[in-house]
Amino acid sequence: MISAGTFHVISTELTIGMFALAGVAFLLCAIKKGPLSRESVAHWALLGGLIATPFAIVSGVNAIPSEGIENPILANKLLLSMASAGLAVGILLRRKWGGEVDVRHSSIGMISVALMLATAGMGGEYSRGETLLLFFPKETVMLFPTWASIVLLIIGVAIVGKSAVEHRG
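So, here's what we can say about the structure. Per chain, the residues get numbers from 1 upward, laid out in the order the sequence is written. The model is predicted, so local features are restricted to residues of pLDDT at least 70 and side-chain atom pairs to those at 80 or more, both for listing and for counting; the totals for chains, interfaces and linings are taken over all residues. The side-chain quantities take in all heavy atoms of the structure and omit both hydrogens and water.

### What to know about the packing of aromatic side chains
- Centre distance within 6.5 Å is the pairing criterion for rings of Phe, Tyr and Trp, where only the six-membered ring of Trp is used; planes under 30 degrees apart are then read as stacked, over 60 as edge-to-face, and the remainder as tilted. The tally for this structure, following the rule as stated, stands at one aromatic pair.
- Ring geometry for Phe-7 against Phe-55: centres 6.4 Å apart, planes inclined by 85°, an arrangement best described as edge-to-face. Of this pair, Phe-7 sits in helix H1 (residues 4–31) while Phe-55 sits in helix H2 (residues 38–63), placing them 48 residues apart in sequence.
- Judged by relative accessible area, which is 33%, Phe-7 ranks as partly exposed.
- On the basis of relative accessibility, which here comes to 47%, the residue Phe-55 falls in the partly exposed class. Per the convention used, a helix needs a DSSP run of H or I reaching at least four residues, while a strand needs a run of E reaching at least two, with both numbered from the N terminus. Burial classification: accessible surface area is computed with a 1.4 Å probe over protein chains only, and a residue below 20% of its type maximum counts as buried, one above 50% as exposed, and the rest as partly exposed.

Dropping the structure here:
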């Protein structure tokens, strides 16, 4: 049987590799350079990374030597990976529903990738004490206030039926 730590390394490398590939492909989409397959590569790699993300999260939580997420770095890793996954789902759904791959679409895809890569950098700091994220707050958990979550939920529900296109009868 494979240990949770070993499985976490494997699933994390798969997740980060897929997200990194998606990031490069989204960059090519944004600058409109490279092969025509760049859009397909960006979205399929993002989907692959998204599929691998839960395995990385669950195995990472199981590999923690303590009883739970007590370290602020681990809490931030969970927050950033979930934010990245949410943006990735939004990008993939927008594309599935016929959205155009423009600069805005590509930029949001690259933001999703950046959040996941920041998560990986924080993991390196937690496990080995080394990271490239020197500017990132280490002892502060960046939680979203409850009131702001409720306001965003109300706004989201209010605009679900609205269309950005003016319809003439």
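### Focus on the nonpolar core
- We call a set of buried Ala, Val, Leu, Ile, Met, Phe, Trp, Tyr and Cys residues a nonpolar core when their side-chain atoms join them within 4.5 Å. Core analysis: the biggest nonpolar cluster contains 15 residues, and Phe-19, Ala-22, Phe-26, Leu-46 and Leu-50 have the highest contact counts within it.
- Elements represented by at least two residues in this core include exactly H1, H2, helix H3 (72–96) and helix H4 (103–128).
- Here this core gets five residues from one element, more than from any other, and that element is H1.
- Residue contacts for Leu-46: discarding those within four places in its chain leaves Phe-19, Ala-22, Phe-26, Ala-88, Ile-91, Leu-92 and Ser-112. Note on contacts: a residue pair qualifies if any of its non-hydrogen atoms lie within 4.5 Å across the two residues.

### Topic: the environment of Gly-60
- Structurally, Gly-60 can be placed in helix H2.
- Among the residues examined, Gly-60 registers a relative accessible area of 17% and is labelled buried.
- Separated by 56 residues in the primary sequence, Gly-60 and Ala-4 place their C-alpha atoms 7.2 Å from one another.

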